[in-house]
Amino acid sequence: MSILPSPVHMMGRLFDGMETYRKSRSGAPPSSTQVFTGRLFDVDPEMGFFPSQPYRRLPGEFELWEHELENARSVLKLGEDRGSDAFSKCAKGEEWRQRLRSWPLLDVRNLGNGIRVLRRAHYVLTCLLHFYVHSLPPYQAKDRVVIPKPLSIPLVQVSQTIDLPPVLTFADITEENFYLLSAAAELKGVEMLRVFEKILNMPYCTDRVGIATLTREFEKLVRIIDELAAILKNASKTVDPNIFYWMARPWWNGSDAAAPWVFEGVPSDTPFDLGGASAGQSSVMHALDAFLDIDHALNQARQPAPSAENRETAAAGFMEKMRRYMPVEHRAYLVQLQKRNIRDTMARHSELKGPYNAAVEALKAFRSAHIRTGTLFVISQANSSRPECMGTPDFSAQAKADRSRGTGGNPVATLLKGGRDATARAILN
Ligand code: HEM
């Protein structure tokens, strides 16, 4: 049903661009060991995985969507919010949803096929989707949630064109600096990407100069990972766990098996990823994993052997699934990064094992800090009283268990521990 250039065409353009770039540098097709640069994959030297410039508002008739998105922020409250402020906005919220249902069906071909405008459209439409779904009063979202045609059709068409799921993703959120903490981590990641490029473009890795350079670059990497961990450890200074858990996180949730989302006007057998936005989709963290060859899928025989819980987490394939929520160019970047297999190079030289292991240890420490953050912000909050302004919560045992699950339905603690243990298994003996 997609009417704009398909993802396959876009990948084709990407690889055409790579070929032109390579020829302009060397005059001949290079081997896989030649120039490694993020520029080919829409990774900006200054901004990393962020867009190099903020996306502009949608033009012309599409201003309707932009305008209603602005309105949404002031008139909508979470459907489960039973507080007095939510009550006073109830009628206005219903009017907002009613207006959305009666919108004209806009033709997304009029957006053109520029990637930036399509990304902006994805951001605006997915925000509208989450505002619509999560502001519905519970009795209207009991068994299923129907997304009205004027929203579902353009959303699905734009999403298919740029090969993203029709749901809010981490890349959408950070574009607006909505999730400031993750944005800070994402920007810190730019320094990390520079280290990768420097290492991967070294002519020789194993002579005296090469070993000294690699050691220095890995030390730099350790400092960057430590700084990422510091951002995480400081989370509770700027974000209130109780407010985060009860008032912010629910807006980012994806479709729920108990009341699945139905896209009106879209064939019911169209498969979609509808997990919702998660920092697990951060391309920076995946890049670090790809560079260090962290084996989340447990494909390699490494020590210590995974626990039964680890195996269960790996089988659920959380990290692999998270890649499907990233812009297509960034997915391609991660594949190229992984192919360089720096771990094998480091393993072959006894002097390099130490610097490599120090980076893995730092990432393991990041993930241990992350477990503590997840415990404070999610697991403990599932048992907490929600902010008084939201009224009485549902405190059934089932509701508590559901609330301490992460995106994709995994119990948070098991998922995060699985990531930490997979990291530890990368250590070279
Ligand atoms: C208040 C701060 C944070 C909280 C409460 C938090 C919580 C969580 C939770 C609950 C998950 C499980 C999956 C999910 O539900 O989406 C998760 C996964 C993940 N988060 Fe965070 N997170 C925070 C900050 C960050 C930051 C700053 C980063 C760095 C970019 C990050 C990176 C990740 C990654 C990469 C995963 C996938 C699992 C893993 O790699 O171990 N998180 N986070």
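Residues numbered from 1 in each chain as written. Predicted model: local features only at pLDDT ≥ 70, side-chain atom pairs only at ≥ 80, totals over all residues. Heavy atoms only, no water.

## Section: the packing of helix H8 (residues 208-233) against helix H16 (residues 350-382)
Any two packed helices are characterised by how steeply their axes cross, that is the angle between the axes, and by the distance between the axes. Threshold: Helix axes are fitted only over the stretch in contact, all axes being lines through C-alpha atoms; the angle between N-to-C directions runs from 0 to 180 degrees. Secondary structure elements follow DSSP: runs of H or I no shorter than four residues count as helices, runs of E no shorter than two count as strands, and numbering proceeds from the N terminus. Angular relationships are summarised with four words: roughly parallel below 35 degrees, roughly antiparallel beyond 145, roughly perpendicular across 65 to 115, and oblique for the angles in between. For this classification, the nonpolar set comprises Ala, Val, Leu, Ile, Met, Phe, Trp, Tyr, Cys and Pro, the charged set comprises Asp, Glu, Lys and Arg, and every other residue, Gly included, is treated as polar.
It is the contact of H8 with H16, at a shortest axis distance of 9 Å, that shows an interaxial angle of 5°. Between H8 and H16, the interaxial angle falls into the category roughly parallel. Taken together, the residues of the contact of H8 with H16 sort by class into 18 nonpolar, three polar and four charged.

## Overview of the nonpolar core
Heads up, the rule is: In plain words, nonpolar cores are sets of buried Ala, Val, Leu, Ile, Met, Phe, Trp, Tyr and Cys residues tied together by side-chain atoms within 4.5 Å. When a residue's accessible area, from a 1.4 Å probe over protein chains only, is under 20% of the maximum for its type it is buried; when over 50% it is exposed; and in between it is partly exposed. Contacts between residues were defined by any pair of non-hydrogen atoms, one from each residue, lying within 4.5 Å.
Ranked by size, the top nonpolar core spans 62 residues in total, and within it Trp65, Trp96, Leu128, Trp261 and Phe263 carry the most contacts. It is helix H4 (residues 115-135) that contributes the most residues to this core, 11 residues altogether. Not counting residues up to four positions away in its chain, the partners in contact with Trp96 are Glu68, Asn71, Ala72, Val75, Leu76, Leu128, Phe131 and Tyr132. Grouped together as the second largest cluster of nonpolar side chains are 50 residues, Cys205, Ile224, Leu292 and Phe366 included.

## Re helix H11 (residues 283-292)
The buried fraction of H11 amounts to 10 of the 10 residues, a majority that puts the element mostly inside the structure. Along H11, the residues that are buried comprise Ser283, Val284, Met285, His286, Ala287, Leu288, Asp289, Ala290, Phe291 and Leu292. Packed against the buried residues of H11 are helix H7 (180-200), H8, helix H13 (318-323), helix H14 (328-339), helix H15 (342-347) and H16. Trailing H11 by a residue or two, Asp293 shows a phi angle of about 60°, which is positive.

## Concerning unusual backbone geometry
For residues that are not glycine, phi is negative in most cases, and the peptide bond is trans in most cases. With an omega dihedral of -10°, the bond running from Gln303 to Pro304 counts as a cis peptide bond. Tracing the backbone shows Pro304 in the loop between H11 and helix H12 (308-316). For Asn341, which is not a glycine, the phi torsion comes out positive at approximately 45°. Its place among the elements puts Asn341 in the loop between H14 and H15.

## Considerations on the packing of aromatic side chains
What counts is decided by this rule: Whether two aromatic rings pair depends on their centres lying within 6.5 Å, for rings of Phe, Tyr and Trp, where Trp uses its six-membered ring; planes under 30 degrees apart make the pair stacked, over 60 edge-to-face, and the rest tilted.
Counted according to the given criterion, the structure contains 12 aromatic pairs. The interplanar angle of 80° and the centroid separation of 5.6 Å between the aromatic rings of Phe49 and Tyr333 together place this pair among those described as edge-to-face. Of this pair, Phe49 sits in the loop between helix H1 (7-26) and helix H2 (63-75) while Tyr333 sits in helix H14; the two residues are 284 residues apart in sequence, bridging distant segments of the chain. Judged by its relative accessible area of 0%, Tyr333 falls in the buried class. Here the aromatic rings of Phe263 and Phe272 are separated by 5.2 Å at their centres, their planes lie at 65°, and the arrangement is edge-to-face. Phe263 gets classed as buried once you look at its relative accessible area, which sits at 6%.

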